[in-house]
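# Residue-level structural notes
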Amino acid sequence: MKKKEKGVVNTENQTAQTNSRRSFLRNAGLAAAGFYIVPRHVLGRGFVAPSDKLQIAGIGAGGKGESDLWSFYNSGKADIAFLCDVDDRQSKKSRERYPKAKYYKDYREMLDKEHKYFDAVSVSTPDHMHAIQGLAAMQLKKHVYIQKPLSHNISEARELTEAAHKYKVVTQMGNQGASGDGVRKLIDWYNAGLIGDVHTIYCYTDRPVWPQGVGWPTTKGTVPEGLDWNLWQGVAPNKDYVDGLLPFNWRGWWDYGTGALGDMACHIMAPAFAVLGLGYPVSAECSVATRYLQPWTRAYYPESCPTASHIILTFKGQNGKPDVKLHWMDGGIQPARPEELGPNEMMGDGGNGAIFEGTKGKMICGTYGALPNLLPTSKSKEYDAVPQTIKRVPKGDAGHYAAWVEAAIAGYGSPEEKELSSNFNIAGPLTESVLMGNLAIRSFDIQKKAANGRVSYPGRNIKLLWDGPNMKITNFDEANQFVKKEYRTF
């Protein structure tokens, strides 16, 4: 080996290291949890801008990513330093809005080449890529903001929650309603004992508003110019491009999305977790709407999320309080109107909402915990003077983004970080419970064929018992295939 002379760069060694790093990021085998692992020699503390503004790299610059980045920028304390999107069409507005931000299509290339020049990463991509991209950024010790749901499966949510502490980064999930005043008013009312001990919660939505419960299209489409279809698929199974999937309808397919639960439950179930401090459920039950193609012939599309479902998650009561049953209803199905609600009063916000039933009373809210009310609603004004027990976020839900920016500037372990409304200590268990509902739905579709050709569905009409700490269904092992997933190397 040649001894490197003082002051002389060993370009041969430097090139080898660069090529090795790029090769690792592009082609490395998957780790035990299925994540791409960034090699230790590229880990760094990040670049601190002379302006003291948080330098953000956006993975996903169109659609929700576009609005996320704009909200960070409007905090006045962040610059958008880099952009990454697999679709030039969707990212067009962001590229025009931040002309100084260097643009990439492959997030791995951006992280590899530019990691020294930004502090934080925003991930706003289809659900199946959230955890993969988020963890890659965390391994570089970058603060992360990940859109809801935090992950595509339960194991990924747990991995991200643990990684936040391992890499000492500031985290936030994109369920902005968690920072709203409505959630905090519900907590104040509950802490004041106004409705007693909650034992039943109903959460409901009018989603999906995209096709679900359908078969995969049989006609191959033409990949649009500007879209890298391979990068869009990422770790999902390789399939031919089909029309109508992008930019919105991927939500209805298990390979990419998480259905109505993934789209709305992190907004609608979040108040329940904030009010009661729910942890892992101990069981899950479900019923699912069934389509019939002709009399007595059921449609069977296990690759697609259902048109409607009803999930019941049970949480063990804490400190002598009763167990809590949380009902989730989607597809427009709603619980019975509380008797205390007037006949012309709107329940929730119309299509979405949550109802808390306690031993002494009830309270309701809409999406994001907005429109909180005690029942009967006349009680709400009566108890407006209840002392605030929870500090409000400046600007409420609109301040969700700025709060993360300021916490990232302050750093891991700072008071600002500990006060975030949806850091992964909160968002992780919430996401796991949301995805437990999807595990129950997917278990509902497991088929078994007998020797005589008859088909049975052993995951139906049973209660799935969940060992939360160990992430395992204990009474129906076939369901555990949905706790994790296999990833395609792309």
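Up top is the structure.
Residues numbered from 1 in each chain as written. Predicted model: local features only at pLDDT ≥ 70, side-chain atom pairs only at ≥ 80, totals over all residues. Heavy atoms only, no water.

## Description of the environment of T200
Rules: Per the convention used, a helix needs a DSSP run of H or I reaching at least four residues, while a strand needs a run of E reaching at least two, with both numbered from the N terminus. Think of it in three bands: with a 1.4 Å probe and only protein chains considered, a residue is buried below 20% of the maximum accessible area for its type, exposed above 50%, and partly exposed in between. Note on contacts: a residue pair qualifies if any of its non-hydrogen atoms lie within 4.5 Å across the two residues. Pairing of N or O atoms within 3.5 Å defines a polar contact, subject to two protein rules: one partner must be a possible hydrogen donor and the other a possible acceptor, and residues neighboring in sequence count only if both atoms are side-chain atoms.
Mapped onto the elements of the fold, T200 is located in strand β7 (residues 198-204). Since its relative accessible area comes to 12%, T200 is described here as buried. Counting along the chain gives 122 residues from T200 to P322, while the straight-line C-alpha distance between them is 9.6 Å. T200 has contacts with K325, H327, I355, F356 and E357, leaving out every residue within four places of it along the chain. Within the structure, T200 has its side chain in polar contact with the side chain of H199 (distance 2.8 Å).

## Re helix α4 (residues 107-114)
Here α4 lies mainly inside the structure; 6 of its 8 residues are buried. Within α4 the residues assigned to the buried category are Y107, R108, M110, L111, D112 and E114.

## Describing the pattern of salt bridges
Convention followed: Just to be clear on terms, a salt bridge is a Lys or Arg side-chain nitrogen sitting within 4 Å of an Asp or Glu carboxyl oxygen.
Applying the stated criterion across every chain, the model contains 22 salt bridges. Between E432 and R158 there is a salt bridge, with the nearest N and O atoms lying 2.7 Å from each other. In this pair, E432 sits in helix α14 (residues 424-444) while R158 sits in helix α6 (residues 154-166), placing the two residues 274 residues apart along the sequence. Residue D206 pairs with R207 through a salt bridge whose shortest N-O separation is 3.1 Å. Connected through salt bridges with shared partners, the residues K148, D206, R207, R251 and D263 form a single ionic network.

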